[in-house]
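Fold and geometry: a report
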Amino acid sequence: AQSVTQLGSHVSVSEGALVLLRCNYSSSVPPYLFWYVQYPNQGLQLLLKYTSAATLVKGINGFEAEFKKSETSFHLTKPSAHMSDAAEYFCAVTPTGTASKLTFGTGTRLQVTL
Amino acid sequence: EAGVVQSPRYKIIEKKQPVAFWCNPISGHNTLYWYRQNLGQGPELLIRYENEEAVDDSQLPKDRFSAERLKGVDSTLKIQPAELGDSAVYLCASSPLAGVPNEQFFGPGTRLTVL
């Protein structure tokens, strides 16, 4: 069975500071990994996905994530936070070969302060 | 391109009452998903359709939940009777092709409050 663990339910950064949201996965087979963002009262939007190609994945809005098999991690980063980045972020995993059954983490709420 | 449409956006009912949620996926998307998102949690899959066939409903509480996808387009999720624990956001998503690592497109959700 696949699962993801997001460390830190709340993360607060200053505007302009580095954003680091942590995600560790557990999978018996090579996984596909995703990061989604959810703004208040909205659905989830895909930020980026890892599908066994390049281990460093670039997404929208300046976000990127690196797949590290040795650490079973897929942490999300952004060099400089913007106020508009404040949202809930979800890491998700699915077995290789299909994106049909996503298993989501519990989410990390990002707060950006002035 | 229009996104996934869900209605209603909010619903407040008393326990034991029935409730229904409607979803219109993105045109041409043959895979449709219903998720439930409890407060402070990630979404959990309830049911997945490939066209009009429910191919994964293992997490759907079948004693009170039902779903249908007529003609492989719109879908309705029903709860009858609702319980207090059903309060959550119900999300619908669609994707154009199963079996590949494609993106799932989510609607805004229906926030259900059961009193």
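In case you missed it, the structure is sitting above this.
Since the model is a prediction, treat every value here as computed from it, not as a measurement.

1. Digging into the overall build of chain B
- When its secondary structure is counted, chain B shows 0 helices and 11 strands.
- Reading the secondary structure of chain B in the N-to-C direction produces β-β-β-β-β-β-β-β-β-β-β.
- The C-alpha radius of gyration of chain B comes to 13 Å, within 12% of the 13 Å expected for a compact globule of 115 residues.
- Relative to its full complement of 115 residues, chain B shows a buried share of 46%.
- Counted over contacts in chain B with a minimum sequence separation of 6, partners at least 24 positions apart contribute 54%.
- Accessible surface computed for chain B: about 5600 Å², of which carbon and sulfur atoms make up 51%.

2. Re the state of the cysteines
All names here are of chain A.
- Taken as a whole and assessed by the stated rule, the structure comprises 2 disulfides over all chains.
- At a sulfur-sulfur separation of 2.0 Å, the disulfide partner of C23 is C91. Between C23 and C91, the S-S dihedral sits near -65°, and the bridge is therefore left-handed. With a gap of 68 residues between them, C23 in strand 3 (residues 19-26) and C91 in strand 9 (residues 87-95) connect regions that are remote in the sequence.

3. What to know about unusual backbone geometry
- Cis peptide bonds are those with omega within 30 degrees of zero, and the linkage from S7(B) to P8(B) qualifies with -10°.
- If you trace the backbone, P8(B) turns up in the loop between strand 1 (5-7) and strand 2 (10-13).
- Residue P81(B) is bonded to the preceding Q80(B) through a cis peptide linkage, with omega at -5°.
- Position of P81(B) relative to the elements: it lies in the loop between strand 8 (75-79) and strand 9 (88-95).
- Phi at N61(A) takes a positive value of approximately 60°, unusual for a residue other than glycine.
- Phi is positive for N51(B), which is not a glycine, with a value near 55°.

4. Considering the nonpolar core
- Formed by 27 residues in total, the largest nonpolar core has its most connected members in W35(A), L48(A), L76(A) and Y89(A).
- Elements with a minimum of two residues in this core: strand 2 (10-14), strand 3, strand 4 (31-38), strand 5 (44-50), strand 7 (64-68), strand 8 (73-78), strand 9 and strand 11 (108-113) of chain A.
- Not counting the four nearest positions on each side in its chain, L76(A) is found in contact with V19(A), L20(A), L21(A), W35(A), L47(A), L48(A), F63(A), E64(A), A65(A) and Y89(A).
- Listed in part, the 21 residues of the second largest apolar core include W34(B), L46(B), A88(B) and L112(B).

Rules used throughout
Residues numbered from 1 in each chain as written. Chains lettered and ligands numbered in written order. Predicted model: local features only at pLDDT ≥ 70, side-chain atom pairs only at ≥ 80, totals over all residues. Heavy atoms only, no water. Helix = DSSP H or I, 4+ residues; strand = E, 2+ residues; numbered from the N terminus. Rg over C-alpha atoms; globule rule 2.2 N^0.38 Å. Buried < 20%, exposed > 50% of the residue type's maximum accessible area, 1.4 Å probe, protein only. Contact = heavy atoms within 4.5 Å. Areas by Shrake-Rupley, 256 points an atom, 1.4 Å probe, with all protein chains shown as cover. Disulfide = S-S within 2.5 Å. Core = buried A, V, L, I, M, F, W, Y, C linked by side-chain atoms within 4.5 Å.

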